Amino acid sequence: MIRMPEPDPATIARRGELLARLREVVPGGVIADEHARRAYETDALTAYRQLPLLVVLPSSTQEVAAVLRVCREFGVKVVPRGAGTSLSGGALPLADGIVLGLSKLNRILDIDYDNRTVTCQPGVTNLAISQAVAERGFYYAPDPSSQIACTIGGNVAENSGGVHCLKYGLTTHNVLGVELVTIDGEVIRLGGKHLDPEGYDLLGVLTGSEGLLGVVTEVTVRILPKPEGARALLLGFTSNEAAGDTVAAIIGAGIIPGGMEMMDRPAIHATEAFVKVGYPLDVEALLIVELDGPAAEVDYLVERVMTLARERGAVYCRASRDEQERLAFWAGRKAAFPAVGRITPDYLCMDGTIPRRALPQVLARLKELEAEFGLRVANVFHAGDGNLHPLILYDANRPGELERAEAFGAAILRLCVQVGGVLTGEHGVGVEKRDLMPEQFSETDLAHQERLKCAFDPDGLLNPGKMFPVLHRCAELGRMHVHRGELRFPDIPRF
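In this text, all values refer to a predicted model and were calculated from it rather than measured experimentally. (Residues numbered from 1 in each chain as written. Predicted model: local features only at pLDDT ≥ 70, side-chain atom pairs only at ≥ 80, totals over all residues. Heavy atoms only, no water.)

Before going further, it helps to spend a moment on the sheet that holds strand 2 (residues 54–56). Spatially, four strands are ordered 1-2-4-3 in an open sheet, and the strand pairing comes out mixed. Strands at the two margins of the open sheet, each flanked by one partner only, are strand 1 (30–31) and strand 3 (77–81). Sheet analysis places strand 3 next to strand 4 (residues 97–101), joined by five bridges and oriented parallel. Residue pairing for strand 4: Val 78 is matched across the bridge by Ile 98. Running over the sheet, helix 4 (residues 61–74) touches strand 2, strand 3 and strand 4 and is turned about 170 degrees from strand 4. (Pairing = 2+ DSSP bridges. Helix = DSSP H or I, 4+ residues; strand = E, 2+ residues; numbered from the N terminus. Contact = heavy atoms within 4.5 Å. Axes fitted to C-alpha atoms, helices over the stretch in contact; angles between N-to-C directions.)

Encoded structure:
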């Protein structure tokens, strides 16, 4: 059961006064009407919803700073929001807090080909960056499946990945600088176009901080020249274990594919029925492996990977013949989540990361957990870096199924930690994994993380209720040994 901080009656009582002040600093950009606020009551973790107190849509860094100053003055909580594609409830609103929507900050400010950078506002979509530099043969490497909709600001908040993160890194490896507004309304800059920022690595701290430390209003990212050539392989296996062994063998051979994804039988069938790209339907597991670089190197690696796959029992091997076919192979993978949505009323998309060597063990255990919880799973994940995305299929209209799906998801994440992995690879902790944080971190670990939060946000106004399983006053965290008195959280209304 996901719980959030108790609403503050005093804040709700001052709603009218707060509304007037916010309309002064963001004229025409405050949403107070209940029906209009409904559009912001949930993110992509759609099992939960909460109507926010107000929604504010600033159009500039200066307006963001003014809003945060007002919220600090009133003691009002702030939930930053981009496109709302968070799968961990990172943008879930609060009854006594505002949603700070950044969709109007959607301009690309600078394209610098000499330094291979793009500077843009946080509301620019991930895909729009690549489209803006495509004519000069460049692109932005991190490519989440939601890249057509998700924003670069949200990518920074969650440290998003994508199918090509195996070779080219996550968001944190491709962001060079940000402009940040603190809860006090101060505007600061971290990093820039240069490769190695001076001082403490606050940019690394901020990337993946899920809106708990500040509000990003500008991002500078690294762009790369498109590879000379790229080909994709479809490799089919009669078992998930054989596919997992092949993943380990490819990496063990010193080959770093541009991307390496895996899908099991339910995901393959759902995707092929939806997109019709020619996936084999008589296999239990499918690997999509992309190899890029100089043409001669790519052709050589294609043969090497096919050999490794056949040695481990691959019964289907197919290489793309041209760019159109390569893109078609990936179109199926990119559409896997909506494809699965066609075969089930609801699903939970999990996100845990494990060592590659543990793939066969974990996939076998997932089959056992399916039987234990009585729910099906479709597996679609970034096999190359061990980032699992099991899709737990359920029907929220059947009493108890959502709770069973949540318990199933928690069991999967505990399994990830038990085999040496972590709770999240790219979706973030949010509210979904918040209460599982003690599975991975000790009390001392969590206390030090909270001290960092307090350094940026001493009153706990930025995205409270996310990431940490227990809330503390910052004064308590000044002591090395902290008494972790638990606060009571009310239930969040569900759909």
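Before going further, it helps to examine the pairing of strand 9 (residues 187–191). Sheet analysis places strand 8 (residues 175–181) next to strand 9, joined by five bridges and oriented antiparallel. Looking at strand 9, one finds that Glu 179 is bridged to Arg 189. Turn length for the strand 8-strand 9 hairpin, with the two strands adjacent in sequence and antiparallel, is five residues, and the turn residue Gly 185 shows positive phi of about 85 degrees.

Here Asp 96 is to be found in the loop between strand 3 and strand 4. One polar contact links the side chain of Asp 96 to the main-chain amide nitrogen of Asp 8, over a distance of 2.7 Å. Apart from the residues lying within four places of it in its own chain, the contact partners of Asp 96 are Glu 6, Pro 7, Asp 8, Thr 11, Ile 12, Leu 53, Val 76 and Lys 77. (Polar contact = N/O pair within 3.5 Å; in protein donor to acceptor, adjacent residues only side chain to side chain.)

This part takes up the packing of helix 2 (residues 15–25) against helix 4. Their axes nearest at 9 Å, the elements helix 2 and helix 4 cross at an angle of 160 degrees. In terms of orientation, helix 2 lies roughly antiparallel with respect to helix 4. The crossing of helix 2 and helix 4 is right-handed. On helix 4, the residues that touch Glu 17, Leu 18, Arg 21, Leu 22 and Val 25 of helix 2 are Glu 63, Ala 66, Val 67, Val 70, Glu 73 and Phe 74. For the contact of helix 2 with helix 4, a count of residues per class yields seven nonpolar, no polar and four charged. (Parallel < 35°, antiparallel > 145°, perpendicular 65-115°, else oblique. Left-handed = near helix turned anticlockwise from the far one by under 90°. Nonpolar A, V, L, I, M, F, W, Y, C, P; charged D, E, K, R; others polar.)

Strand pairing in a sheet relies on backbone hydrogen bonds, with the paired strands running either antiparallel or parallel. An order of 5-6-10-8-9 is seen for the five strands of this open sheet, with the pairing classed as antiparallel. The open sheet has two edge strands with one neighbour each: strand 5 (108–112) and strand 9. The average angle at which neighbouring strand axes cross in this sheet is 15 degrees, direction not considered. Note that strand 5 and strand 6 (residues 117–120) share four bridges and pair antiparallel. Bridge pairing links Ile 108 to Cys 120 in strand 6. Sheet contacts for helix 4: strand 8, strand 9 and strand 10 (215–222); angle to strand 8, the most-contacted strand, approximately 50 degrees.

Here the focus is the environment of Thr 119. Mapped onto the fold, Thr 119 is located in strand 6. Here Thr 119 falls in the buried class, since its relative accessible area comes to 7%. A sequence separation of 40 residues divides Thr 119 from Asn 159, and the C-alpha atoms of the two residues are 17 Å apart. Not counting the four nearest positions on each side in its chain, Thr 119 is found in contact with Ile 108, Leu 109, Asp 110, Lys 193, Glu 218, Val 219 and Thr 220. There is a polar contact of 2.9 Å between the side chain of Thr 119 and the side chain of Thr 220. (Buried < 20%, exposed > 50% of the residue type's maximum accessible area, 1.4 Å probe, protein only.)

With that settled, consider the pairing of strand 12 (residues 229–237). Most of strand 12 sits inside the fold, with seven of its nine residues counted as buried. Pairing analysis gives four bridges linking strand 12 to strand 15 (residues 316–319), with the strands arranged antiparallel. Along strand 15, the bridge assignment pairs Leu 233 with Ala 319.

A word on helix 15 (residues 401–418). Here helix 15 is 18 residues long and its end C-alpha atoms lie 25 Å apart, about the 26 Å a rise of 1.5 Å per residue gives. Counting buried positions over the 18 residues of helix 15 gives 13, a clear majority of the element. Positive backbone phi, at 100 degrees, marks Gly 420, one or two positions downstream of helix 15. (Expected span 1.5 Å × (residues − 1).)

Residues other than glycine seldom take positive phi values, yet Arg 116 does so here, at roughly 55 degrees. Position of Arg 116 relative to the elements: it lies in the loop between strand 5 and strand 6. At Lys 276, a residue that is not glycine, the phi angle is positive and equals roughly 55 degrees. Structurally, the position occupied by Lys 276 is in the loop between helix 10 (265–275) and strand 14 (285–293).

A separate point is helix 10. Taken residue by residue, helix 10 has Ala 267, Ile 268, Ala 270, Thr 271 and Glu 272 as its buried positions. Those residues of helix 10 hidden inside the fold are in contact with strand 13 (259–264), strand 14, helix 12 (323–334), helix 13 (336–341) and strand 18 (377–381). With its phi angle positive at about 55 degrees, Lys 276 sits one or two positions after the end of helix 10.

It is worth spelling out the nonpolar core at this point. The biggest cluster of nonpolar side chains holds 70 residues, and the ones touching the most others in it are Leu 233, Leu 287, Val 289, Leu 291 and Ile 392. With 10 residues, the single largest contributor to this core is helix 15. When sequence neighbours within four positions are dropped, the list of residues in contact with Ile 392 reads Asp 346, Tyr 347, Leu 348, Met 350, Leu 375, Arg 376, Val 377, Ala 405, Phe 408, Gly 409 and Ile 412. Counting residues in each nonpolar core, the second largest holds 27 residues, with Leu 54, Val 70, Leu 102 and Val 215 among its members. (Core = buried A, V, L, I, M, F, W, Y, C linked by side-chain atoms within 4.5 Å.)

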